[in-house]
Amino acid sequence: MKQKHKASATAAVKPGVSKPASNSVSNPFDNFEDYLVRNEKLLLLLLPLLLGFLFATLTFDVKISEGNDDAMYIEAATKYAANYTGYFYTSNAPLYPMFLGVITIFSGLNLILFKSINVLFFLLQIAITYYAFRRRIPLMVLWPVLILS
């Protein structure tokens, strides 16, 4: 009798078809994670990128900051533009003045262009962070990080 019952139980489950759990309770975190997975492309455009662009344009200021950070980068960029192979920037983050030096060669000291490229790289940073971590960590953790950044 036990053999017959065991065979009928295995025959009822077909391969590739999951058996519904009888004691599973709908978890709101799993439901929200499923919603984020289903709508991740639309949410990437709407939440972090659109909010980032909105705040970047609202805080866009076409003057050099008072903390001397912008001035140091722009001064290093003009020195790179004048003598690209002979100048070495050793203060902080040397790649940014090198990149600004190339832009300075073609456009001169255009502060609006410099700040616009900064906004573009800021939005690109959000997209790269999303694509780097979307399959590695839950989207419920990733979206607040993207929105706060």
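This text follows the structure it describes.
Just so it is clear, the structure is predicted and the values come from calculations on it, not from any experiment.

1. A look at the packing of helix H5 (residues 95-107) against helix H6 (residues 111-133)
Where H5 contacts H6, the two axes come as close as 11 Å, and the packing angle between them is 135°. Comparing their axes, H6 and H5 come out oblique. Crossing geometry of H5 relative to H6 is assigned as right-handed. Here Tyr-96, Phe-99, Leu-100, Ile-103, Thr-104 and Ser-107 of H5 lie close against H6, whose contacting residues are Leu-113, Phe-114, Ile-117, Asn-118 and Phe-121. Split by residue class, the contact of H5 with H6 holds eight nonpolar, three polar and no charged.

2. Details of the nonpolar core
Within soluble globular proteins, side chains that are nonpolar generally end up buried alongside one another. Counting residues in each nonpolar core, the largest one holds 13 residues, and the members touching the most others are Tyr-130, Leu-139, Trp-143 and Leu-146. Each residue touching Leu-139, except ones within four places of it in the same chain, is listed here: Glu-33, Leu-36, Val-37, Glu-40, Tyr-130, Arg-134 and Pro-144. Tyr-73, Tyr-80, Ile-103 and Ile-117 belong to the second-largest nonpolar core, a separate cluster that totals ten residues.

3. What to know about the packing of aromatic side chains
Summed over all chains, the structure comprises six aromatic pairs. With centroids separated by 5.1 Å and ring planes inclined at 90°, the aromatic side chains of Tyr-73 and Tyr-96 adopt a geometry described as edge-to-face. Placement of Tyr-73 in helix H4 (residues 69-82) and of Tyr-96 in helix H5 is noted, with a sequence separation of 23 residues between them. By relative accessible area, which is 12% here, Tyr-73 ends up buried. Summarising the aromatic geometry, the rings of Tyr-130 and Tyr-131 are spaced 4.9 Å apart at their centres and angled 70° between planes, so their arrangement reads as edge-to-face.

4. Here's the deal with the packing of H4 against H5
In the contact formed by H4 and H5, the axes pass within 7 Å of each other and the chain directions differ by 60°. On the basis of their axis angle, the class for H4 and H5 is oblique. Relative to H5, H4 is oriented so that their crossing is right-handed. For the pair H4 and H5, the contacting residues are Tyr-73, Ala-76, Ala-77, Thr-78, Tyr-80 and Ala-81 in the first and Tyr-96, Pro-97, Met-98, Leu-100, Gly-101, Thr-104 and Ile-105 in the second. Residues belonging to the contact of H4 with H5 are distributed by class as follows: ten nonpolar, three polar and no charged.

5. A look at the environment of Asn-83
On the secondary structure map, Asn-83 appears in the loop between H4 and H5. Residue classification places Asn-83 among the partly exposed residues on the basis of a relative accessible area of 39%.

6. Some remarks on H6
For H6, spanning 23 residues, the distance from its first C-alpha to its last is 33 Å, which sits close to the expected 33 Å at 1.5 Å a residue. Residues of H6 that are buried include every one of Phe-114, Lys-115, Ile-117, Val-119, Leu-123, Ile-126, Ala-127 and Tyr-130, and no others.

7. Some details on a nonpolar patch on the surface
Together, Leu-42, Leu-46, Leu-47, Leu-50, Leu-51, Leu-54, Phe-55, Leu-58 and Ile-147 line one region of the surface with nonpolar side chains, adding up to about 820 Å² of accessible area. When residues in the nonpolar patch are grouped by element, the largest group, eight residues, is from helix H3 (residues 40-58). On the basis of relative accessibility, which here comes to 51%, the residue Phe-55 falls in the exposed class.

8. What to know about helix H7 (residues 139-148)
Those residues of H7 lying buried are Leu-139, Leu-142, Trp-143 and Leu-146. For H7, the angular spread of the buried residues around the axis is 100°, confining them to a single face.

Thresholds, definitions, all that
- Residues numbered from 1 in each chain as written.
- Predicted model: local features only at pLDDT ≥ 70, side-chain atom pairs only at ≥ 80, totals over all residues.
- Heavy atoms only, no water.
- Axes fitted to C-alpha atoms, helices over the stretch in contact; angles between N-to-C directions.
- Helix = DSSP H or I, 4+ residues; strand = E, 2+ residues; numbered from the N terminus.
- Parallel < 35°, antiparallel > 145°, perpendicular 65-115°, else oblique.
- Left-handed = near helix turned anticlockwise from the far one by under 90°.
- Contact = heavy atoms within 4.5 Å.
- Nonpolar A, V, L, I, M, F, W, Y, C, P; charged D, E, K, R; others polar.
- Core = buried A, V, L, I, M, F, W, Y, C linked by side-chain atoms within 4.5 Å.
- Buried < 20%, exposed > 50% of the residue type's maximum accessible area, 1.4 Å probe, protein only.
- Phe/Tyr/Trp six-rings, centres within 6.5 Å; stacked < 30°, edge-to-face > 60°.
- Expected span 1.5 Å × (residues − 1).
- Patch = residues over 30% accessible without salt bridge, like charges linked within 9 Å, V, L, I, M, F, W, Y side chains within 5 Å.
- Areas by Shrake-Rupley, 256 points an atom, 1.4 Å probe, with all protein chains shown as cover.
- Salt bridge = Lys/Arg side-chain N within 4 Å of Asp/Glu carboxyl O.
- Arc of directions from axis to C-beta.

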